[in-house]
Amino acid sequence: SFSRCGGMSGPDVEELLIELEAWDVEQASGELKELLEQDTEYLKQVLQDATGECVQDDEKAEEDLRAAVLSCVNNGDTLEVLDSDMAECDSILANVEGMLATFQKDISGISSKISKLQGDSSQMSLKLQNRQVTSSALVEQLDQFVVDPQAVRRICDGEVDDLFLEAVRDLAAKSKAESTLPAALEVKPYLEKLKLRATTRIREALMTRITSLTKPKTNIQILQRNVLVHMQELVSFLRETAPVINMEVRSHYVGTMCRVYHTQFKTYCLSLSRIQLQCCPTGIDLLIPPLETGASAFSAGLEAFSSSGFKGLVNMARQTVPFKERGNVFSLSGREKVLGQGEQDAIVPHLYRDKKCYPEQLFHSEHTLLVSTATSEYLFLKDFFTPDNDGQQQALFQDVFGKTLGLLQEQVEQLVNNSWDAVGLQLMVCVAESCQRLARRRSLNCLETHFEKLLASIKLRFVTVVEANIQSLVKANPRTLNVDSSRPHVITRRFAELAASLTVLSKRRGAKVTSDDVVLVNRMFGAAEKLLESMAKELADAEQPIFTLNNIDLMVTIFQEHQLDDKNIERLTDLRSQRASAFVEAQLRSHFAELVRFVQLYEGNEAPAVDPGKTERLAAMILETWRPAVESIERVVLSSFMNFTLGNEILKQVLTQLMLYHSRFQKIVDRNFPEGAPFDMVSSAVFVDQIKKVANVL
């Protein structure tokens with residue numbers, strides 16, 4: 001067994017040793033004896049086999065040993081080198097072990113130092129925190145009264161710009177601080193000196209900027225918004241630190257801008273006056289001029305109108321003043337366009353060299369410019385001087401614009417007091433109310449008094465002029481008005497144009513129209529109708545209804561051209577219909593008198609019996625004369641009425657009324673001749689055809 005151990009590996013040998021230690025020799029001997037007693041041959045065979053295997057194993061072990069010895073002999077040098085390397089490695093490892101021991105010792109020393117540093121760091125952090133708290137409190141105290149040196153240099157010597165403004169803002173904040181520290185009390189006199197220096201420099205800068213507004217061709221609004229408004233904090237600084245200097249700057253601005261605006265508006269108004277119509281209405285430009293001032297000229301105008309119509313009046317006017325510079329006194333003729341301009345830009349005078357304007361156009365331009373300029377100035381004063389309340393704001397505005405408003409009021413009063421143009425005055429009222437509404441939308445309460453004065457002045461003059469026109473109608477003498485034909489009179493056209501213009505403008509004003517305005521127009525209508533009746537009496541009886549119809553139709557036509565539906569127009573339309581019916585009846589009575597009398601006498605159930613002979617003669621006369629009579633009436637109608645439409649309408653009414661009379665006559669004949677009339681009569685279809693012809697012409 002021990003010989004077999006030579007071929008075993010390490011683990012097998014260990015296992016075998018364990019088994020040998022656990023083997024009981026006596027027990028094994030007993031077992032072996034038993035085995036020998038039981039089967040000797042088998043045991044022998046086993047022992048032989050085991051002996052053979054042991055011999056083989058020994059031989060193999062010897063061979064392996066020889067091979068190992070041979071290998072050691074062959075590798076002796078290598079093993080010697082390996083042995084020296086191992087010795088060297090042991091030496092190196094010993095040195096490393098010494099170094100690690102030294103390093104471990106050093107690390108132990110560093111660890112103690114780090115612990116000490118950590119303690120020192122905690123103490124230093126606490127000190128730093130305490131110093132920061134103290135420093136922030138100290139800086140906070142110092143910032144209340146210490147000014148940065150750079151800011152001091154900017155205030156004393158720098159340009160007045162954004163950096164200067166920032167420095168002044170800082171100075172103002174530190175001047176307001178209250179501190180009882182000795183350092184603060186020591187610095188306070190220096191702050192006062194710095195404030196004095198800042199005040200002086202701010203005053204100089206503001207005075208210079210304000211004076212620059214007076215330079216010619218300066219856009220004031222741009223300079224105010226882009227330069228002065230940015231200096232508002234400097235004005236606030238003056239108001240708090242130097243009220244006297246602040247009032248000086250404010251007075252300088254008020255005086256400067258008062259002169260600037262007054263000069264600008266005065267120049268602008270003078271430029272506008274050069275493009276105003278030269279021939280303004282005067283006291284003789286009433287509906288009927290006064291006899292003592294314009295009777296001869298007016299009579300000449302009537303003669304020109306009678307001979308050549310309105311063309312003669314135009315030619316007469318051109319002999320004195322160019323027609324384009326006279327304008328219209330009684331009609332709108334496009335003058336109402338000024339009411340649709342709204343916030344349109346003001347007139348530029350040099351662009352209107354070849355064009356003349358009505359006074360209301362110039363009035364609109366002036367006050368549109370006023371509202372625009374006042375809006376800009378009002379907002380600037382609010383942003384720049386920052387008044388404490390609305391009362392101070394309006395007082396400041398009045399200081400700046402008071403002289404300019406006075407100039408405009410004076411010019412308007414001068415224009416109004418010399419005006420006899422009722423249409424122009426009413427247009428000016430509309431323009432003033434429009435500008436007043438615009439100012440209210442912009443919250444310009446400071447202009448309310450100005451517009452109230454203007455409106456009161458213009459309305460008073462308007463009432464005076466309209467009253468003068470009414471009195472000219474009331475006091476007119478028909479004999480001096482040259483009523484020599486049944487044509488529409490020039491007075492009628494004047495009145496109709498004036499009444500229509502005033503009615504149109506009253507509707508434009510809407511709720512602003514008072515009962516007094518309505519009464520004035522109604523009184524003018526009443527005076528015109530009475531004068532028309534008096535003028536008609538100057539003609540022959542036959543021409544009176546024609547004259548009245550022509551003039552009433554002219555008034556209605558003019559009002560219809562303006563698309564008006566006033567109560568006075570309704571009354572005139574009804575009056576025209578009544579007068580037309582009366583004229584038709586008069587024409588029939590003139591040309592068919594026997595037919596009219598016959599129908600009125602024999603019509604009705606209680607009428608007397610007709611005379612057959614008389615009836616036959618009347619029928620024969622109608623059959624023979626109706627066509628010449630109708631042609632005669634047609635000539636009279638078409639030659640009498642200037643309005644072709646009115647003439648044809650009246651002719652149609654004549655034929656219709658004639659057909660009705662003839663129908664009534666035919667009914668009387670049918671009632672008295674039940675078996676049929678023994679004579680010929682005009683057929684109603686003939687009248688119908690004639691009426692259709694007239695209707696087709698219409």
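Numbers given for residues are sequential positions, taken from 1 along each chain in its written order. Per-residue local features of the predicted model are confined to residues with pLDDT of at least 70, and side-chain atom pairs are confined, for both listing and counting, to 80 or more; whole-chain, interface and lining totals are unaffected and use all residues. The basis for the side-chain values is all heavy atoms of the structure; hydrogens and waters are excluded.

This next bit is on the environment of Ser331. Helix and strand definitions here come from DSSP, where helices need a minimum of 4 consecutive H or I residues and strands a minimum of 2 consecutive E residues; each element is numbered from the N-terminal end. As for its placement among the helices and strands, Ser331 is situated in the loop between α12 (310–318) and α13 (359–384). On the basis of relative accessibility, which here comes to 11%, the residue Ser331 falls in the buried class. Considered as a pair, Ser331 and Glu497 are 166 residues apart in the sequence and their alpha carbons are 4.9 Å apart. In this description, contact between two residues means that some pair of their heavy atoms is separated by no more than 4.5 Å. Excluding its chain neighbours within four sequence positions, the residues that come into contact with Ser331 are Val423, Glu497 and Ser501. Three exposure classes are used, based on accessible area relative to the maximum for each residue type with a 1.4 Å probe and protein chains only: buried under 20%, partly exposed in between, and exposed over 50%.

Surface patches are defined over residues having more than 30% relative accessible area and no salt bridge, joining like charges when they lie within 9 Å and nonpolar side chains (Val, Leu, Ile, Met, Phe, Trp, Tyr) when within 5 Å. To measure how exposed things are, a 1.4 Å probe is used in the Shrake-Rupley method; for residues, cover is taken only from the protein chains shown. Here a salt bridge means any side-chain nitrogen of Lys or Arg lying within 4 Å of a carboxyl oxygen belonging to Asp or Glu. Taken together, the side chains of Leu65, Val69 and Val73 make up a nonpolar region of the molecular surface, amounting to roughly 300 Å² of accessible area. Turning to its location among the elements, Leu65 is positioned in helix α3 (residues 40–74).

In this analysis a 1.4 Å probe is tested at points of a 1 Å grid over the protein atoms alone, and where it fits but cannot get out there is a cavity; an open set with protein on both sides within 12 Å along at least five of seven lines is a pocket; lining residues have an atom within 4 Å of a point. Grid points are joined across faces, edges and corners, and a volume is the space filled by probe spheres set on the points. As enumerated under the stated definition, the model contains two cavities of 30 Å³ or more in all. For the lining of the largest cavity, the elements supplying multiple residues, two or more each, are α17 (490–509) and α18 (515–536). Each residue belonging to the lining of the largest cavity can be placed in one class, and the counts come to seven nonpolar, one polar and no charged. A volume near 40 Å³ is recorded for the second largest cavity. If you go around the second largest cavity, the residues you meet are Gln426, Phe462, Val466, Leu502, Ser506, Asp517, Leu520 and Val521. Secondary-structure elements contributing two or more residues to the lining of the second largest cavity are α16 (448–474), α17 and α18. Considering each element in turn, the lining of the second largest cavity owes the most residues, three residues, to α18. The nonpolar class holds Ala, Val, Leu, Ile, Met, Phe, Trp, Tyr, Cys and Pro. Asp, Glu, Lys and Arg form the charged class, and all remaining residues, Gly among them, are polar. When its residues are assigned to classes, the lining of the second largest cavity shows five nonpolar, two polar and one charged.

What follows is about the packing of α13 against helix α15 (residues 422–441). Interaxial angle, 0 to 180 degrees, is taken between N-to-C directions of lines fitted to C-alpha atoms, where a helix line uses only the stretch in contact. Where α13 contacts α15, the two axes come as close as 9 Å, and the packing angle between them is 15°. Taken together, the axes of α13 and α15 are roughly parallel relative to one another. Between α13 and α15 the crossing geometry is right-handed. Along its contact with α13, which presents Glu360, Phe363, His364, His367, Thr368 and Val371, the element α15 presents Gly424, Leu427, Met428, Val431, Ala432, Cys435, Leu438 and Ala439. When the residues that make up the contact of α13 with α15 are grouped by side-chain class, the tally is nine nonpolar, four polar and one charged. With respect to orientation, any angle under 35 degrees is reported as roughly parallel, any angle over 145 as roughly antiparallel, any angle of 65 to 115 as roughly perpendicular, and every other angle as oblique. What makes a crossing left-handed is the near helix being turned counterclockwise from the far one by less than a right angle; a clockwise turn instead makes it right-handed.

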